[in-house]
Amino acid sequence: MTGTQRTVLAVAVLGSFVAFLDSTVATVALPAISDELGGGLTTQQWVVDAYLITLGALILVAGSVSDAFGRTLVLRIGLWGFGIASIAIAAAPTAEVLIIARAVQGAAGAFLVPSSLALITANFRGSAQARAIGLWTAMTTTAMIAGPVIGGVFVDTASWRWAFLINVLPIAVTLVLLARGDFRDTRAPDAAIDVLGAVLCTLGLAGIVFALIEQPNLGAASPAIWIPGGLGVVLFTAFVLRQRRVRAPILPLDLFRARIFTAGNVATFFVYAALSLNGFVVVVYLQQEVGFPATLAGLASLPVTVLMILLSSRFGAWSGRVGPRWFMTLGPAVMGIGALLLLTVGEPFSYPWQMLPSMLLMGLGLSATVAPLTAAVLGAVSTERSGIASAVNNAVARIAGLMAVAVLAAIVGGALDATGFHRAAIATAALLFAGAITSLLGIRNRQPVERA
């Protein structure tokens, strides 16, 4: 790996790290946020989903912008926006202000992930690219899992507000590396951005998620539920239909003609919905029902983080040599078994016997899944479309998490007690097994000659 490639990898990891970190760092702070600002489970859901709505919707636009105007410019915009929004969250006086700031932060985060991964695909080739994607995946996925640990330390030792200020240092370092680096980049100055499509997508998702989150409070028959929910479905449908005829779609539907790309994204939806659901319920349950301090609740997922660091790049390299199919099949299946082990959680609670075995299997399965999954999806498209392909895949992952958290109240039965926790474990396992079956049936180790 050359010096320039090492710098590229550092920029890609750091740029994505803050977006992935903040997608989960808030989870461990949710009980403290609702205690200070009020709102209970509904506020907790909105703190997570406000971020995911704009991240999931605008990451598609960011992919097109990245391809059109260059990865480095888009990364700079995202980093500055993310840092400013983080400061606003830390200073939020009310739950409403915090939720709005989280939405802005998600919008900025949308510019980080596809640009950083596309920067890797533009500067690495062959087995080096597979290994670089494995390292990127390991570090960014580790950020998602380490978020609750880092957030827990700040919640217990200072304030939940400080958990959102930890982005400042990595953002500053990334901006310095971007200024000094000489990277291979591509751009298409004549490209157009579908602004109307972005608006339709964002408002459509917002209406659907609002209905899903507020339905337990207001009832399905309430006009405050079915009007925004129905409007959201109409707007999101209009967004998809628009993508079939607009000159510069932010969601190029022709990408899905590639079988591996389609199967990989369906598997992504199932796996990341399960990860978001499991991450939310484990951290909140340990604090609110078991009585763990925030730091210990965050440390519950540490075995997953350790295994990701140790194994992800290896699985990525193995997948590059033998193909992704069996990694993407067995990985989610192992995680599904780990999720079912959470059914042993009960009174009296014992982390070593009731939760640690689950975390070990989740870490092993996740390590085997994420790098092959990313490589398979990006390998199904041409290099010049890697930015939008990365954006689509990441949007699918964020929307999956968004929907999983939005229907949380329905899954757990309105309360995250022991019964609700067990119901969430079963739902998590079902999603993971669905991801395994999708990969088994839809992924082939030999990439198609004709790519999307």
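Note: the structure precedes this text.
Figured I'd write up the structure that's included with this text. Computed from a prediction, not measured in an experiment: that's the story for all the values here.

Within the largest apolar cluster, 136 residues are counted, with the highest numbers of intra-cluster contacts made by Leu60, Ile120, Phe261, Val281 and Met355. In this view, isoleucine 120 contacts Val8, Leu9, Ala12, Ala132, Ile133 and Trp136; residues no more than four positions away in its chain are not counted.

Inspection of the entire model under this criterion finds 10 aromatic pairs. Aromatic pair tryptophan 160 and phenylalanine 164: ring centres 6.2 Å apart, planes at 85°, arrangement edge-to-face. Given the relative accessible area of 0%, phenylalanine 164 is considered buried. Geometrically, the ring pair formed by phenylalanine 292 and phenylalanine 349 is edge-to-face, given 5.6 Å between the ring centres and 80° between the ring planes.

We now examine the side chain of glutamine 105. Considering the arrangement of structural elements, one finds glutamine 105 in helix α4 (residues 95-109). Residue glutamine 105 is classed as buried on the basis of its relative accessible area, which comes to 0%. Polar contacts involving the side chain of glutamine 105 include one to the side chain of arginine 102, which spans 3.1 Å. What glutamine 105 contacts, discounting residues up to four positions off in sequence, is Asp22, Tyr51, Phe82, Ala85, Ser86, Ile89 and Asn167.

The next subject is helix α14 (residues 351-379). Taking 1.5 Å per residue, 29 residues should reach 42 Å; α14 reaches 40 Å between its end C-alpha atoms and fits that length. Leucine 366 marks where α14 bends most, by close to 25°. Among the 29 residues of α14, 21 are classified as buried, and the element is accordingly described as predominantly covered.

Residue placement: glutamine 45 occurs in helix α2 (residues 40-69). When residues no more than four places from it in sequence are discounted, the contact partners of glutamine 45 are Ile213, Val405, Ala406, Leu408 and Ala409. Here the side chain of glutamine 45 touches valine 405 through a polar contact of 3.0 Å, landing on its backbone oxygen.

This paragraph deals with a nonpolar patch on the surface. Among the surface-exposed residues, Leu296, Leu299, Leu302, Val306, Ile309 and Leu310 lie close enough to one another that they form a single nonpolar patch of about 490 Å² accessible area. Here the nonpolar patch gets four residues from one element, more than from any other, and that element is helix α12 (residues 302-322). Mapped onto the fold, leucine 296 is located in helix α11 (residues 294-299). Among the residues examined, leucine 296 registers a relative accessible area of 43% and is labelled partly exposed.

Analysis parameters
By convention here, each chain's residues receive numbers from 1 onward along its written sequence. With the structure being a predicted model, the display of local features is reserved for residues of pLDDT at least 70 and the display and counting of side-chain atom pairs for 80 or more, all residues being used for whole-chain, interface and lining totals. As a rule here, side-chain values cover all heavy atoms of the structure and leave hydrogens and water aside. Note on terminology: a nonpolar core comprises buried Ala, Val, Leu, Ile, Met, Phe, Trp, Tyr and Cys residues joined through side-chain atoms within 4.5 Å. Relative accessibility decides the category of a residue: with a 1.4 Å probe and only protein chains considered, values under 20% of the type maximum give buried, values over 50% give exposed, and everything between is partly exposed. The contact criterion used throughout is that any non-hydrogen atoms of two residues lie within 4.5 Å. Here a Phe, Tyr or Trp ring, Trp counted by its six-membered ring, pairs with any other such ring whose centre lies within 6.5 Å, and the pair is stacked when the planes are under 30 degrees apart, edge-to-face when over 60, and tilted otherwise. A run of H or I in DSSP counts as a helix once it spans at least four residues, and a run of E counts as a strand once it spans at least two, with each numbered from the N terminus. The definition of a polar contact used here is a pair of N or O atoms within 3.5 Å, where within protein one atom must be able to donate a hydrogen and the other to accept one, and adjacent residues in sequence count solely through side-chain atom pairs. Helix span, as expected, comes to 1.5 Å for every residue beyond the first. The quantity called bend is, for any residue, the angle between two axes fitted respectively to the seven residues ending at it and the seven beginning at it. To count toward a patch, a residue needs a relative accessible area above 30% and no salt bridge. Like charges then connect within 9 Å, nonpolar side chains (Val, Leu, Ile, Met, Phe, Trp, Tyr) within 5 Å. Computed with the Shrake-Rupley method and a 1.4 Å probe, the accessible areas treat only the protein chains shown as cover for residues. Salt bridge criterion: a side-chain nitrogen from Lys or Arg within 4 Å of a carboxyl oxygen from Asp or Glu.

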